[in-house]
Amino acid sequence: MSVSGSNPEYVTARVKARESALYDDEEYRKLVRMTPAEIARLMEESDYEREINALGSRYSGVDLIEYALNQNLARQFDDLLRWANGRLYDLIARYLRKFDAWNVKTVIRGIYSGTESDTVNDDLIRAGEFSDELLDTLLDAGSIEEAVERLSAAGTIYGSELESAYDDYDESGVLIPLENAVDRTYYEQLLADLTVDEATAQYREFLEAEIDFRNAQNAFRLAQSGADIDPGAYYIDGGSLFTATELATFAQNRNELIEAIRESRYGDDLSEALNQIETADSLIQFERALDNALLEYSDTLGTVHPLSVTPVISYILAKEREVDNIRAIARGREAGLSDDEIKKEFM
């Protein structure tokens with residue numbers, strides 16, 4: 001894979017500056033003790049100033065925080081694409097399609113649960129390639145089948161895979177077949193034509209880890225759903241840690257899964273993160289611990305080859321985590337949770 005025309009030195013330097021502005025543990029401790037209005041005021045003194053000022057006349061409280069977080073996330077990632085050239089731009093753009101996948105799953109979950117479209121819209125992250133028009137069309141869909149048809153009609157990469165998975169969803173009554181179809185499609189396009197060279201070797205390792213961890217999450221979701229579905233049938237190709245058969249076994253035994261990760265090439269780098277995974281007492285906490293482990297692993301790889309796309313991916317994950325944490329704190333405070341309860345809700 002040629003990296004002709006890429007500018008990793010410039011982009012990495014800009015990313016490092018953005019990373020230094022991310023919230024640290026001390027700032028999270030402050031946020032946990034604040035009301036939503038106080039959180040918004042603190043955000044106004046940080047990198048979220050532009051969004052808070054632009055939205056402050058229309059929204060307040062948690063609504064203001066939600067919209068500011070989503071708009072800031074989109075702006076940050078638009079900047080990455082604006083800075084990058086050549087093959088680096090292509091690699092970043094492909095990875096940012098994860099937000100298209102997120103939005104598809106968010107719309108499907110909203111329809112499945114009967115959630116109002118305005119509420120679903122609040123959870124969309126308009127940082128991928130889907131146009132606002134397409135997202136609005138999906139929000140207006142009256143059924144999951146209609147949403148799938150609209151994705152196909154728009155020529156997206158997700159339409160045909162979702163159509164193929166729809167019968168399994170209809171038969172099982174759980175969303176896992178549809179969500180898995182979205183994930184598989186996303187990772188297939190990420191890996192397509194990815195020739196491994198010096199500039200992309202660590203990135204390929206990271207993608208393998210992300211697929212491994214996604215497979216682990218899916219396996220435990222399947223086990224918890226109680227649906228009569230073989231986890232091996234929903235295996236995502238491209239990882240290096242599990243076979244489809246092994247994954248089906250680990251879905252029934254989380255301790256065996258954790259031990260397999262400890263003994264893998266991830267073990268040394270993820271020792272502390274694996275301790276967090278081991279003590280997670282719910283599926284949500286388990287998935288968050290896996291996400292933390294993936295971020296830690298991406299940081300490690302970014303230091304091995306700093307002038308590559310990997311440090312950029314690491315920043316994307318770290319920025320996502322910041323947004324998720326602030327959102328969880330604000331929602332927890334609005335819901336009247338205690339400080340300790342709120343701390344359990346964010347990563």
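Residues numbered from 1 in each chain as written. Predicted model: local features only at pLDDT ≥ 70, side-chain atom pairs only at ≥ 80, totals over all residues. Heavy atoms only, no water.

- For the chain, an unreviewed UniProt entry supplies the name A-type ATP synthase subunit C and the organism Haloquadratum walsbyi.
- You can read under Function (unreviewed entry) in the UniProt record for the chain the words "Component of the A-type ATP synthase that produces ATP from ADP in the presence of a proton gradient across the membrane." (UniProt positions renumbered as here; feature names shortened; annotations may be inferred.)

Some points on the overall build of the chain
And then number 1: Helix and strand counts for the chain come out as 19 helices and 0 strands.
And then number 2: Against the compact-globule benchmark of 20 Å for 347 residues, the chain has a radius of gyration of 20 Å, which places it among compact chains.
And then number 3: Taking all 347 residues of the chain together, the buried fraction comes to 51%.
And then number 4: Accessible surface for the chain amounts to roughly 15600 Å². Of this, 43% is attributable to carbon and sulfur atoms.
And then number 5: Charge-centre separation for the chain: the mean point of 34 positive side chains lies 6 Å from the mean point of 70 negative side chains. (Helix = DSSP H or I, 4+ residues; strand = E, 2+ residues; numbered from the N terminus. Rg over C-alpha atoms; globule rule 2.2 N^0.38 Å. Buried < 20%, exposed > 50% of the residue type's maximum accessible area, 1.4 Å probe, protein only. Areas by Shrake-Rupley, 256 points an atom, 1.4 Å probe, with all protein chains shown as cover. Lys, Arg positive; Asp, Glu negative; His and termini not counted. Charge placed at Lys NZ, Arg CZ, Asp CG, Glu CD.)

Some points on helix α7 (residues 98–113)
And then number 1: Between its terminal C-alpha atoms α7 stretches 22 Å, which fits the 22 Å expected from 16 residues at 1.5 Å a residue.
And then number 2: Those residues of α7 lying buried are Lys98, Phe99, Asp100, Ala101, Asn103, Val104, Lys105, Thr106, Val107, Ile108 and Gly110.
And then number 3: Positive backbone phi, approximately 75°, marks Gly114, located one or two places after α7. (Expected span 1.5 Å × (residues − 1).)

Section: the pattern of salt bridges
And then number 1: If you walk through the whole model with that rule in mind, you get 24 salt bridges.
And then number 2: Close ionic contact of Asp183 with Lys105 constitutes a salt bridge, the shortest N to O distance being 2.8 Å. Of this pair, Asp183 sits in helix α12 (residues 176–191) while Lys105 sits in helix α7; the two residues are 78 residues apart in sequence, bridging distant segments of the chain. Side by side, Asp183 and Lys105 carry an identical accessibility label, which is buried.
And then number 3: Residues participating in the shared-partner salt-bridge network are Glu66, Asp123, Asp324, Arg327 and Arg331. (Salt bridge = Lys/Arg side-chain N within 4 Å of Asp/Glu carboxyl O.)

Considerations on helix α13 (residues 201–225)
And then number 1: Helix length check: α13 (25 residues) gives 36 Å between terminal C-alpha atoms against 36 Å at 1.5 Å per residue, within 8%.
And then number 2: Within α13, 18 of the 25 residues are buried, which leaves the element mostly enclosed by the surrounding structure.
And then number 3: One or two residues past the end of α13 sits Gly226, with phi positive at roughly 75°.

Points about the packing of helix α5 (residues 61–83) against helix α18 (residues 310–334)
And then number 1: In contact at an axis separation of 10 Å, α5 and α18 are set at 175° when each is read in the N-to-C sense. The angle between α5 and α18 places the two elements in the roughly antiparallel class. From α5, Val62, Ile65, Glu66, Leu69, Asn70, Asn72, Leu73, Gln76, Phe77 and Leu80 reach across to α18, where they touch Val312, Tyr315, Ile316, Lys319, Glu320, Val323, Ile326, Arg327, Ala330, Arg331 and Glu334.
And then number 2: When its residues are assigned to classes, the contact of α5 with α18 shows 12 nonpolar, 3 polar and 6 charged. (Axes fitted to C-alpha atoms, helices over the stretch in contact; angles between N-to-C directions. Parallel < 35°, antiparallel > 145°, perpendicular 65-115°, else oblique. Contact = heavy atoms within 4.5 Å. Nonpolar A, V, L, I, M, F, W, Y, C, P; charged D, E, K, R; others polar.)

Observations concerning the nonpolar core
And then number 1: Membership of the largest hydrophobic core comes to 111 residues, with the highest contact counts inside it found for Met43, Tyr95, Leu162, Tyr203 and Ile326.
And then number 2: Apart from residues lying up to four places away in sequence, Tyr95 is in contact with Tyr186, Leu190, Tyr203, Phe206, Leu207, Glu210, Ile313, Ile316 and Leu317.
And then number 3: By size, the runner-up hydrophobic cluster in this structure holds 5 residues, among which are Val174, Ile176, Ile229 and Tyr234. (Core = buried A, V, L, I, M, F, W, Y, C linked by side-chain atoms within 4.5 Å.)

Points about the side chain of Thr156
And then number 1: Considering the arrangement of structural elements, one finds Thr156 in the loop between α10 (144–153) and α11 (159–172).
And then number 2: A distance of 3.0 Å separates a polar atom in the side chain of Thr156 from the backbone oxygen of Leu151. (Polar contact = N/O pair within 3.5 Å; in protein donor to acceptor, adjacent residues only side chain to side chain.)

A closer look at the environment of Ala54
And then number 1: Here Ala54 shows up in helix α4 (residues 49–55).
And then number 2: Taking the C-alpha atoms as reference points, Ala54 and Ala68, 14 residues apart in sequence, are found 8.7 Å from one another.

Digging into the packing of aromatic side chains
And then number 1: Summed over all chains, the structure comprises 9 aromatic pairs.
And then number 2: Taking 6.1 Å as the distance between ring centres and 90° as the angle between the ring planes, the aromatic pair formed by Tyr23 and Tyr48 counts as edge-to-face. Here Tyr23 is found in the loop between α1 (8–19) and α2 (25–32), whereas its partner Tyr48 is found in the loop between α3 (36–44) and α4, with 25 residues between them in sequence. Both residues of the pair, Tyr23 and Tyr48, belong to the buried class.
And then number 3: Ring plane angle 55° and centroid distance 6.1 Å describe the contact between Tyr95 and Phe206, whose orientation is recorded as tilted. Remark: Phe206 occurs in helix α13 and Tyr95 occurs in helix α6 (residues 86–96); sequence separation between them is 111 residues.
And then number 4: On the basis of relative accessibility, which here comes to 0%, the residue Tyr95 falls in the buried class.
And then number 5: Residue Phe206 is classed as buried on the basis of its relative accessible area of 0%. (Phe/Tyr/Trp six-rings, centres within 6.5 Å; stacked < 30°, edge-to-face > 60°.)

Considerations on unusual backbone geometry
Phi is mostly negative for residues that are not glycine, and the peptide bonds are mostly trans.
And then number 1: Phi at Asp193 is positive, roughly 60°, even though this residue is not glycine.
And then number 2: For Asp193, the position within the fold is in the loop between α12 and α13.

Some points on a negative patch on the surface
And then number 1: Together, Glu145, Glu149, Glu163, Asp167, Asp168, Asp170 and Glu171 make up a negatively charged patch on the protein surface.
And then number 2: Secondary-structure elements contributing two or more residues to the negative patch are α10 and α11.
And then number 3: Of the residues forming the negative patch, the biggest block, 5 residues, is contributed by α11. (Patch = residues over 30% accessible without salt bridge, like charges linked within 9 Å, V, L, I, M, F, W, Y side chains within 5 Å.)

So, the side chain of Arg327
And then number 1: With respect to the helices and strands, the residue Arg327 is situated in helix α18.
And then number 2: The class for Arg327 is buried, based on a relative accessible area of 10%.
And then number 3: With near-sequence residues (within four places) excluded, Arg327 lies in contact with Glu66, Leu69 and Asn70.

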